[in-house]
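The residues making up each chain are set out below.
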Amino acid sequence: MTSLRTGARDSLLLALGALVAAGLGLVSLRLLLTGLSEEDYGHYALFLTAGGLLSVLLDWPVHSVLRLGSEEAEEGGRGGRTLGSVGVVVLGCLALVAPLAWLFRERIDAEIGRPAWSLALLFAALSAGASLGYQLLQPFGKNHLRTLLPVVPRFLFALALVVVTVIGAQRLDFERAAWLATLTIAPVVLLAPLIVRPGPPRTAPSEVGRTLSFGLPLLARNLGVAGVLFVDVLVVRHLLGPVAAGRYDVAYRIGEQVVAFGFVLTFLSGPILARAAARGDRGALERFYRLGAPPLVWLWGLGAALGIVVAEPLLHLLGAKSPGASAAVLQVLLLAVAIRGAAVLEIAVFQAHLLSRWPTLFFFLGFLLNLGLDLALLRAGWGLVGPAWATVAGFALQAVLRAGYIQRGFRVPALAPYLGLLPVAAVLLAVRLGSAPLAGAVWVVAVVLVLGLGRRTRLFSRDARALLAEVSMPARVRAALNWLHAGPSQEANP
């Protein structure tokens, strides 16, 4: 219980960082949508896709930081060994990927539709450096900054877009947008080490070996993840053109801003579970799945369901040039967002226990299902919603396999939190069968049922009040949460 209380103290700052990051992401998206033509936005979306795929080849070692850093912190270290050991692997990856990118430069430029392969490589390299810094915060006492630090490049990007389009009164085009998205990452690469102050980086051969042993399977896994994340845009681009790819990407970008909130759960629970795993204590994992995960996923599901109701008005507000087409995609993708919000719970578990091989297989199976359905549904005439449903299927398959693996291996109820997806499915069905008002009515009913029944069952157990007492929050918010957590105690029947 003490470890969970310690993590709870960081929850408000983590949520605040995610909120600000998502808000800045939406501000930037509006500036891009209003400043770029549909064709230029399509090319920009494909540039981010190319940069994202290249970054997969560079940032896979950073996933070792949580466990290796937790062990160094337990030994009284400051992070220099972790930074040096993981950092040298990242630099080695860059030395290998740069020549490969040059060899395939014409293919990369053809996919983007503009000559930008070198800029995409720079984007990937800076993203990997920033990712290493973000990860270093978690095990060395700066976990509360894990979502606040990524706000810096988002703020700089939004500010740069404002300067170019509003103050500078210059026309925004693909080239300017791509350069701004890349260069605004640079300041944060050095910021995290300055905050953590790990001391001089030093390389430990044993830690390099563990980084490779844990990370190499994750390279394959991350390719599967990237496939699931980017395959839709690439398939749409090849079968329907760059404008359609841009319309799909608009919906996907909004979904990604929402998913950022789900990763707060990983950042909050990751250091706790990693330290518990290093001590051989599985109690924290059992308490997390029994006490924390179910209510979080149910509330997450209600939030995703609300997004389905407001999808089209939101796209109008953001200035999307084809809001109807993008809204239909976003409504389906919010079901995938709901699945991913629940699935982030498993990411922390696998990282804490340095498990990567089976999760890699699960991701590839999801990717293959997604790709196969992308092609089948587009050719069957489903339009842009076809890849969205393929994405739902890919993430759903991964979630079932991962949760089943954890439930069997750790003897915790890892499948139970996914019941929180029911409100999302109900609202999506309503909007497909009826209209936005019907979907809104279904959402209201879902809120009443979840909160009402949750207060009378162990879903919102009164045991959570002990955790809430450790979190600084306004008195009215505390009173509301204490009211919500009125269910029977789980301690009597764990």
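For clarity, every value in this text was computed on a predicted model and none was experimentally measured.

## Things to note about the overall build of the protein chain
- A count of helices and strands for the protein chain gives 21 helices and zero strands.
- Evaluated residue by residue, the protein chain yields a buried proportion of 56% over its 494 residues.
- Surface summary for the protein chain: the accessible area is close to 19900 Å², and the carbon and sulfur share equals 69%.

## Let's talk about the packing of aromatic side chains
- Applying the stated rule across the entire model yields eight aromatic pairs.
- With a centroid separation of 6.2 Å and 35° between ring planes, the pair formed by Y248 and Y252 is classed as tilted. Of this pair, Y248 and Y252 both sit in helix α12 (residues 242–279), four residues apart, roughly one helical turn. Y252 matches Y248 in its accessibility class, with the two residues each being buried.
- Here W358 and F362 contribute two aromatic rings whose centre-to-centre distance is 6.0 Å and whose plane-to-plane angle is 35°, an arrangement assigned as tilted. Of this pair, W358 and F362 both sit in helix α16 (residues 357–379), four residues apart, which is roughly one turn of that helix.
- Here the aromatic cluster, defined as three or more aromatic residues joined through ring pairs, consists of F47, F123 and F174.
- Over the face of the ring belonging to W102 we find R105, whose NZ or CZ atom lies 4.1 Å from the ring centre.
- The ring of W483 is capped by R455, whose NZ or CZ atom sits 3.9 Å from the centre of that ring.

## Details of the nonpolar core
- Counting 124 residues, the largest nonpolar core has L32, Y41, Y44, F47 and Y289 as its most contacted members.
- Contacts of Y289, omitting those with residues within four sequence positions, involve P294, L345, E346, V349, I406, V412, P413, A414 and P417.
- One finds W298, L302, V450 and L484 within the second-largest nonpolar core, a separate group that totals eight residues.

## Some details on the pattern of salt bridges
- This structure, assessed with the given rule, holds seven salt bridges.
- In this structure, the salt-bridge partner of E207 is R81, at a minimum N-O distance of 4.0 Å. In this pair, E207 is assigned in helix α11 (residues 205–240) and R81 in helix α5 (residues 80–103), connecting sequence segments 126 residues apart. Taken individually, E207 and R81 each receive the classification buried, so the pair is uniform in this respect.
- A salt bridge links R176 to D173; the shortest N-O distance between them is 3.7 Å.

## Focus: helix α14 (residues 311–318)
- Among the residues making up α14, those that are buried are A311, L315 and L318. All buried residues of α14 project into a common sector of 60° when viewed along the axis, lining one side. In α14, the exposed residues that point more than 90 degrees away from the buried face are P313 and L317.
- Phi turns positive, to about 85°, at G319, one or two residues after α14.

## Examining helix α3 (residues 38–59)
- Along its 22 residues, α3 runs 31 Å from first to last C-alpha, staying within 8% of the 32 Å computed at 1.5 Å per residue.
- With 18 of its 22 residues buried, α3 lies for the most part within the structure.

## Things to note about the environment of R402
- Mapped onto the elements of the fold, R402 is located in helix α17 (residues 385–410).
- Accessibility expressed as a relative area gives 5% for R402, which makes it buried.
- Along the primary structure R402 and A343 are separated by 59 residues, whereas in three dimensions their C-alpha atoms are 8.2 Å apart.
- Beyond its immediate sequence surroundings of up to four residues, R402 is in contact with A343, E346, F350, F362 and F363.

## A closer look at the side chain of D40
- When you line up the elements, D40 lands in helix α3.
- In this structure the side chain of D40 is engaged in a polar contact, spanning 3.4 Å, whose partner is the backbone nitrogen of F174.
- Not counting residues within four places of it along the chain, the set of residues in contact with D40 comprises R114, R171, D173 and F174.

## Quick look at a nonpolar patch on the surface
- A cluster of nonpolar side chains, L100, W102, L103 and F104, forms an exposed patch at the surface whose accessible area comes to about 450 Å².
- Mapping F104 onto the fold places it in the loop between α5 and α6 (105–112).

## Some points on the packing of α16 against α17
- Between α16 and α17, whose axes approach to 8 Å, the crossing angle comes to 160°. Classified by the angle their axes make, α16 and α17 are roughly antiparallel. Taken as a pair, α16 and α17 cross one another with a handedness that is right-handed. Mapping the contact onto sequence places W358, F362, F363, L365, G366, F367, L369, N370, L373, D374, L377 and L378 in α16 and G386, P387, W389, A390, T391, A393, G394, L397, Q398, L401, R402 and Y405 in α17.
- Classifying every residue of the contact of α16 with α17 gives 16 nonpolar, six polar and two charged.

## Considerations on the confidence of the model for the protein chain
- Averaged over the protein chain, the pLDDT score is 81; the fraction of residues at 70 or greater is 85%.
- Put simply, helix α1 (residues 2–8) is where the protein chain has its lowest mean pLDDT, 44, and helix α9 (residues 174–183) is where it has its highest, 93.
- In this model, residues 1–9 is a region of pLDDT below 50 whose contacts with residues beyond four sequence positions or in other chains number 21 contacts.

What counts, and where the lines are drawn
Residues numbered from 1 in each chain as written. Predicted model: local features only at pLDDT ≥ 70, side-chain atom pairs only at ≥ 80, totals over all residues. Heavy atoms only, no water. Helix = DSSP H or I, 4+ residues; strand = E, 2+ residues; numbered from the N terminus. Buried < 20%, exposed > 50% of the residue type's maximum accessible area, 1.4 Å probe, protein only. Areas by Shrake-Rupley, 256 points an atom, 1.4 Å probe, with all protein chains shown as cover. Phe/Tyr/Trp six-rings, centres within 6.5 Å; stacked < 30°, edge-to-face > 60°. Lys NZ or Arg CZ within 6 Å of the ring centre and 35° of its normal. Core = buried A, V, L, I, M, F, W, Y, C linked by side-chain atoms within 4.5 Å. Contact = heavy atoms within 4.5 Å. Salt bridge = Lys/Arg side-chain N within 4 Å of Asp/Glu carboxyl O. Arc of directions from axis to C-beta. Expected span 1.5 Å × (residues − 1). Polar contact = N/O pair within 3.5 Å; in protein donor to acceptor, adjacent residues only side chain to side chain. Patch = residues over 30% accessible without salt bridge, like charges linked within 9 Å, V, L, I, M, F, W, Y side chains within 5 Å. Axes fitted to C-alpha atoms, helices over the stretch in contact; angles between N-to-C directions. Parallel < 35°, antiparallel > 145°, perpendicular 65-115°, else oblique. Left-handed = near helix turned anticlockwise from the far one by under 90°. Nonpolar A, V, L, I, M, F, W, Y, C, P; charged D, E, K, R; others polar. pLDDT = per-residue confidence, 0-100.

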